Amino acid sequence: MNKPLSEKEKLLTMLTEIYDQLEELESVLEASFSDLRYSLNQEEQEKLTIPVQKLSAIEKKIENPSVTQGILDEYTENNQVAKALKLELGF
């Protein structure tokens, strides 16, 4: 009867060791994924910096009436050229 109990103890010891290893692995993975999340977040923040700066520049241009008028004049000029081209191509 001692032999089956000994086998159970061995099995229990092995399972305990596996459990301890899994706990250690979990903590290592958690730290690794935490670092990865941080680096990905930093990378995305850097990617967003340029568009934010461009939007700020556009907003400043819109707030300045002389620049806005220049943009409208340029658009109107380009639009008239396009209409003239349409008329030429139409006949």
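Residues numbered from 1 in each chain as written. Predicted model: local features only at pLDDT ≥ 70, side-chain atom pairs only at ≥ 80, totals over all residues. Heavy atoms only, no water.

A count of helices and strands for the protein gives two helices and zero strands. Here the protein, with 91 residues, has 0% of them falling under the buried criterion. Here the protein has roughly 8900 Å² of accessible surface; of this, 61% comes from carbon and sulfur atoms. (Helix = DSSP H or I, 4+ residues; strand = E, 2+ residues; numbered from the N terminus. Buried < 20%, exposed > 50% of the residue type's maximum accessible area, 1.4 Å probe, protein only. Areas by Shrake-Rupley, 256 points an atom, 1.4 Å probe, with all protein chains shown as cover.)

Negative charge collects at one region of the surface, where E17, D20, E23, E24, E26 and E30 lie side by side. Structurally, the position occupied by E30 is in helix α1 (residues 2-63). Overall, the relative accessible area of 54% leaves E30 in the exposed class. (Patch = residues over 30% accessible without salt bridge, like charges linked within 9 Å, V, L, I, M, F, W, Y side chains within 5 Å. Salt bridge = Lys/Arg side-chain N within 4 Å of Asp/Glu carboxyl O. Lys, Arg positive; Asp, Glu negative; His and termini not counted. Charge placed at Lys NZ, Arg CZ, Asp CG, Glu CD.)

The full count for this structure, using the stated rule, is two salt bridges. K47 is paired through a salt bridge with E43; the nearest N and O atoms lie 3.7 Å apart. Placement of the pair is K47 and E43 together in helix α1, with a separation of four residues, close to one helical turn. The partner of E44 in a salt bridge is K47, and the shortest N-O contact between them spans 3.6 Å. With E44 and K47 both in helix α1, this residue pair falls three residues apart, about one helical turn. Sharing partners across several salt bridges, the network here consists of E43, E44 and K47.

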